[in-house]
Amino acid sequence: MTDVQSENDDSEAAELRDRMVEAIVSGWDRKLSEGVLAALRTVPRHLFTPGASLEEAYTNDSFATKRDAQGVALSTVSAPWVQARMLELAALRPGMRALEIGSGGYNAALMAEVVGPEGEVVSLDIDPEVTERAERLLSEAGYNRVKVLTGDGTYGAAELAGEGGFDAIIVTVQAPDIPAAWRDQLAQNGRLVVPLTFRGTHRVLAFEHEDGHLVSRDSTRCGFVGMQGDNTHSVQSIELAGRDLRLVISRDQAADAETLRAAVASGEESTEWTGVVLRGNEGVLPSLELWLTSTLDPSGTVYASSQAVEKGLSGWTIAATATWTSDTVAYLTMRPDSSGGFELGVRAYGAGHAAQAHAMAESIRTWDSLGRGATPEPIIRVFSRDAAEDQLDGIVVSNRHSRLAISRA
């Protein structure tokens, strides 16, 4: 490549970075800090997406860097808008010490730009192929000061946490639990940002210390590649009507698969329409999902195929929040509305179908009356696995490494 070609590429990359930042800013209703904006405009993302064109490297979308034999992404460079939001949630500032769990290179470079030369960034991943690539790309991009480690992120990086811990821990893989190491290695005034899955709900949450446990302070919504190692997802999948209708629940919950299958097959069913209509691209379904997760116990997710919709088992094929009793299952559904929107309803099967459908429908109506997307999010507190019952308030999720308490206050 000639010097002229190199200069042209650098100029084009800078222009594309500016456009990328404009897209990120316009797509979020919050103001990004100057440190994060400067990092996004500075770090050459194309150097961390080998094989992508300049245009592809600077689209506001994720880029897979490793796939398995079936083509499923095992490692990705996350979408820039996702990384920007998570950096903001972490409240990164110059001079901070930060740990990234789930390496790729680009996000670590952004973190290094924000914390500056006086700060410190450690990037950890379980896959040696991923860490080798991240270390090489970081070096080529001029970020040698980032320390890259290979290991199970479940246990953090105790050897580098120091006496005071990390000021920020940013997890860039989808996690089903909060291991003790993350709590222990987080500085007393630090922030843990993690894409957490609980009861079928996915949320990126920012946690801080509070009276011996962690408490959620802020959140956003986005998805990630699942975590590997000793903190992998563990769920139960119950076929309610073959593969056409499946109930997926977390391992800490009990459900009688045979009884629930029999309930769906029985023909005893109710559908209660709520009068709550979704219009256009409101984007409020995530708010409803989180509301139902924090008000229904138990709760999980029903997945319906297109055949299930044709058979009248569901009104849509996307994931739908569900709840159940020993002999009844109920889940969210929808139908077209005369105004061009979609009315929300609840489909229930089994002995208690009418009561179960009504109870869930009333929860949806309450969410609507409280402001829909403006409804305050629940507070999630993270306790140790052996926390006493009298410490826990709200819906309790018992995981392998921790116990979550989900409450509306």
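The structure displayed is predicted, hence computed values, not measured ones.

Enquirer: Can you walk me through the overall build of the protein in this structure?
Expert: Looking only at helices and strands, one finds 12 helices and 19 strands in the protein. Relative to the globule expectation of 22 Å for 409 residues, the C-alpha radius of gyration of the protein, 23 Å, shows essentially globular dimensions. A principal-axis box enclosing the C-alpha atoms of the protein has dimensions of 75 × 50 × 40 Å. The burial tally for the protein puts 53% of its 409 residues in the buried class. Put simply, 60% of the contacts in the protein that link residues at least 6 apart link residues at least 24 apart. Carbon and sulfur atoms make up 48% of the accessible area of the protein, which totals about 17,600 Å².

Enquirer: Would you take a moment to explain the nonpolar core for this structure?
Expert: Among soluble globular proteins, nonpolar side chains are generally buried collectively. Membership of the largest hydrophobic core comes to 49 residues, with the highest contact counts inside it found for Leu-40, Phe-48, Leu-92, Tyr-106, Leu-138, Tyr-143 and Val-146. It is helix α5 (residues 106-115) that provides the largest number of residues to this core, a total of 8 residues. In terms of nonpolar packing, the next biggest core, distinct from the first, is built from 30 residues, Ala-157, Leu-196, Leu-290 and Ile-406 among them.

Enquirer: I would appreciate a short explanation of the packing of aromatic side chains in the present structure.
Expert: The geometry of two aromatic rings is summed up by the distance between their centres and the angle between their planes. This structure, assessed with the given rule, holds 2 aromatic pairs. Ring geometry for Phe-48 and Tyr-106: centres 6.1 Å apart, planes at 55°, overall tilted. With Phe-48 in the loop between α2 (34-42) and α3 (54-57) and Tyr-106 in helix α5, this residue pair connects regions lying 58 residues apart in the sequence. Summarising the burial analysis for this pair, Phe-48 and Tyr-106 share the class buried. Taken together, a centroid distance of 6.5 Å and an interplanar angle of 25° make the contact between Tyr-331 and Tyr-349 stacked. Of the two residues, Tyr-331 is situated in strand β15 (residues 328-336) and Tyr-349 in strand β16 (residues 342-350); the sequence distance between them amounts to 18 residues. The same class applies to Tyr-331 as to Tyr-349, namely buried. Lying across the ring of Tyr-106, Arg-45 places its NZ or CZ 5.4 Å from the centre.

Enquirer: Any chance you could explain the sheet that holds strand β5 (residues 147-150) here in plain terms?
Expert: Pairing between the strands of a sheet is mediated by backbone hydrogen bonds and can be parallel or antiparallel. Taken together, 10 strands build an open sheet; the order of strands is β5-β4-β3-β6-β7-β8-β9-β17-β19-β18 and the sheet is mixed. Edge positions in the sheet fall to β5 and β18 (395-398), since each has one partner strand and no second. Ignoring strand direction, the axes of neighbouring strands in this sheet form an average angle of 25°. Sheet strands in contact with helix α4 (residues 80-90) are β6 (166-171), β7 (186-198), β8 (201-210) and β9 (213-220), and its direction is about 140° off that of β7. Here α5 sits on the sheet in contact with β3 (97-101), β4 (120-125) and β6, set at roughly 165° to β4.

Enquirer: Could you clarify how one ought to interpret the packing of helix α10 (residues 285-295) against helix α12 (residues 353-369) in this entry?
Expert: Between two packed helices, both the angle of their axes relative to each other and the distance between the axes serve to describe the pair. Close contact between α10 and α12 brings their axes to 10 Å; oriented N to C, the two are set at 125°. Relative to α12, the element α10 is oriented oblique. The chirality of how α10 crosses α12 is right-handed. Contact residues: Ser-287, Leu-288, Trp-291, Leu-292 and Thr-295 in α10; Met-360, Ser-363, Ile-364, Thr-366 and Trp-367 in α12. Residues of the contact of α10 with α12, tallied by class, amount to 6 nonpolar, 4 polar and no charged.

Enquirer: Quick question: what am I supposed to make of the confidence of the model for the protein here?
Expert: Parts of the model with low pLDDT should not have their predicted coordinates read in detail. For the protein, per-residue confidence averages 91 on the pLDDT scale, and residues scoring 70 or more make up 95% of the total. Of the regions scoring below 50 in pLDDT, residues 1-8 engages in 2 contacts with residues more than four places distant in sequence or in other chains.

Enquirer: Looking at this structure, how should I read the environment of Ala-13?
Expert: On the secondary structure map, Ala-13 appears in helix α1 (residues 3-26). C-alpha separation for the pair Ala-13 and Thr-295, spaced 282 residues apart in sequence, amounts to 48 Å.

Enquirer: Sorry if this is basic, but what is going on with the pattern of salt bridges here?
Expert: A pair can form between side chains of opposite charge whenever their charged atoms are brought close. Going through the model one piece at a time under the given rule, you end up with 23 salt bridges. Between Asp-18 and Arg-41 there is a salt bridge, with the nearest N and O atoms lying 3.8 Å from each other. Of this pair, Asp-18 sits in helix α1 while Arg-41 sits in helix α2, and the two are 23 residues apart along the sequence. You can call Asp-18 partly exposed: its relative accessible area is 35%. A salt bridge links Arg-243 to Glu-239; the nearest nitrogen and oxygen atoms lie 3.6 Å apart. Among the ionic contacts, a cluster of salt bridges with common partners joins Arg-191, Glu-208, Glu-210, Arg-217 and Arg-381.

Enquirer: Please clarify how the sheet that holds strand β14 (residues 320-324) should be interpreted in this entry.
Expert: Overall, antiparallel pairing links the 7 strands, which are arranged β10-β11-β13-β14-β15-β16-β12 in an open sheet. Pairing within the sheet leaves two strands with one partner each, and these edge strands are β10 (235-239) and β12 (269-278). Strand-to-strand twist in this sheet, taken as the mean axis angle between neighbours without regard to direction, amounts to 30°. The pairing of strand β11 (residues 245-250) with strand β13 (residues 300-304) spans 4 bridges and is classified as antiparallel. Of the residues in β13, the one forming a bridge with Leu-247 is Val-302.

Parameters and conventions
- Residues numbered from 1 in each chain as written.
- Predicted model: local features only at pLDDT ≥ 70, side-chain atom pairs only at ≥ 80, totals over all residues.
- Heavy atoms only, no water.
- Helix = DSSP H or I, 4+ residues; strand = E, 2+ residues; numbered from the N terminus.
- Rg over C-alpha atoms; globule rule 2.2 N^0.38 Å.
- Buried < 20%, exposed > 50% of the residue type's maximum accessible area, 1.4 Å probe, protein only.
- Contact = heavy atoms within 4.5 Å.
- Areas by Shrake-Rupley, 256 points an atom, 1.4 Å probe, with all protein chains shown as cover.
- Core = buried A, V, L, I, M, F, W, Y, C linked by side-chain atoms within 4.5 Å.
- Phe/Tyr/Trp six-rings, centres within 6.5 Å; stacked < 30°, edge-to-face > 60°.
- Lys NZ or Arg CZ within 6 Å of the ring centre and 35° of its normal.
- Pairing = 2+ DSSP bridges.
- Axes fitted to C-alpha atoms, helices over the stretch in contact; angles between N-to-C directions.
- Parallel < 35°, antiparallel > 145°, perpendicular 65-115°, else oblique.
- Left-handed = near helix turned anticlockwise from the far one by under 90°.
- Nonpolar A, V, L, I, M, F, W, Y, C, P; charged D, E, K, R; others polar.
- pLDDT = per-residue confidence, 0-100.
- Salt bridge = Lys/Arg side-chain N within 4 Å of Asp/Glu carboxyl O.

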